[in-house]
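Summary of the model geometry
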Amino acid sequence: VQASANRFLGTAYDFSMYLNQDKNILAYFSASKSNAEAMMLQYTVQDTLATLPLSNTFIKSVAILGTGGQYVGSGTDRLTFSKEDIQLAQAHQGAYFWSTPAGKDHPYELQFFRLRRQPSNLANDYGYLKIGLNLEELDRILRPSIDDGYSYYILNDRNQVIYSIGEPDESKLADTTA
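Reading the values: the criteria
- Residues numbered from 1 in each chain as written.
- Predicted model: local features only at pLDDT ≥ 70, side-chain atom pairs only at ≥ 80, totals over all residues.
- Heavy atoms only, no water.
- 1 Å grid on protein atoms, 1.4 Å probe; cavity = no way out; pocket = protein on both sides within 12 Å on 5 of 7 lines; lining within 4 Å.
- Points joined across faces, edges and corners; volume = space filled by probe spheres on them.
- Helix = DSSP H or I, 4+ residues; strand = E, 2+ residues; numbered from the N terminus.
- Nonpolar A, V, L, I, M, F, W, Y, C, P; charged D, E, K, R; others polar.
- Pairing = 2+ DSSP bridges.
- Buried < 20%, exposed > 50% of the residue type's maximum accessible area, 1.4 Å probe, protein only.
- Salt bridge = Lys/Arg side-chain N within 4 Å of Asp/Glu carboxyl O.
- Expected span 1.5 Å × (residues − 1).
- Arc of directions from axis to C-beta.

1. Let's talk about empty space enclosed by the protein
Counted under the stated rule, the structure contains one cavity of 30 Å³ or more. In this model, the largest cavity occupies a volume close to 50 Å³. At the level of elements, strand S4 (110-118) and strand S5 (121-133) are the ones that each hand at least two residues to the lining of the largest cavity. Classifying every residue of the lining of the largest cavity gives three nonpolar, two polar and three charged.

2. Some thoughts on the pairing of strand S6 (residues 152-155)
Two strands pair when backbone bridges link them, and S6 and strand S7 (residues 161-165) are joined in this way by four bridges, in the antiparallel orientation. Each bridged residue has a counterpart across the sheet, and for Ile 154 the counterpart in S7 is Tyr 163. What sits between S6 and S7 in their antiparallel hairpin is a turn of five residues, with Asn 159 showing a positive phi close to 60°.

3. Concerning the pairing of S4
Taken across its nine residues, S4 has eight buried, putting it largely inside the fold. Bridge count for strand S3 (residues 97-99) against S4 is three bridges, and the pairing is antiparallel. Paired with Ser 99 across the strands is Gln 111, a residue of S4.

4. Description of the pattern of salt bridges
Enumeration over the complete set of coordinates arrives at three salt bridges. Here Lys 130 and Asp 85 are joined by a salt bridge, their closest N and O atoms 2.6 Å apart. Taken together, the residues Lys 130 in strand S5 and Asp 85 in helix H4 (residues 83-91) connect sequence positions 45 residues apart. Pair check on accessibility: Lys 130 and Asp 85 agree, each one buried.

5. A short note on helix H3 (residues 36-51)
Between its terminal C-alpha atoms H3 stretches 23 Å, which fits the 22 Å expected from 16 residues at 1.5 Å a residue. For H3, the complete set of buried residues consists of Ala 38, Leu 41, Val 45, Thr 48 and Leu 49. The buried residues of H3 occupy an angular sector of 90° when the element is viewed end-on, so they sit on one face. Seen from the buried face of H3, the exposed residues on the opposite side, beyond 90 degrees, are Ala 36, Met 40, Asp 47 and Thr 51.

Pasting the structure below:
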């Protein structure tokens, strides 16, 4: 179970690293919005996002928001970027973090989020990446072990539970957040 859960969560990180090295993505978010080449690059980036996440059952949706306002996304949900998301990404200075969608009534969504920087110049931010994970797949991985009395939690950087499965044991959870 642990290896499968690690693979599930690691998929978002690995995918984010791949996207950060993609030359078409870097070129698109560096280009002028009025540039005809940028339009062609947008279609190429859209194709990249459309084919890769959908070939992986762990990822539902992917979106990149450029610092110039360019948006490219793919998958089953249109991912949005709130002001709080962007502020958190800037505060994390390029490190990734887990979040749930702002303003959603159903917390049954988990998102991987990070600030994107030019690999050759880390002082140059070019946008924000958000990856929506398929929690039904994570449930499928973890469900067999909850029958044995286990519970699983994913906490964000503020020690808030953003995903759980199984019977909650607040005493054990309190030990991990202290």
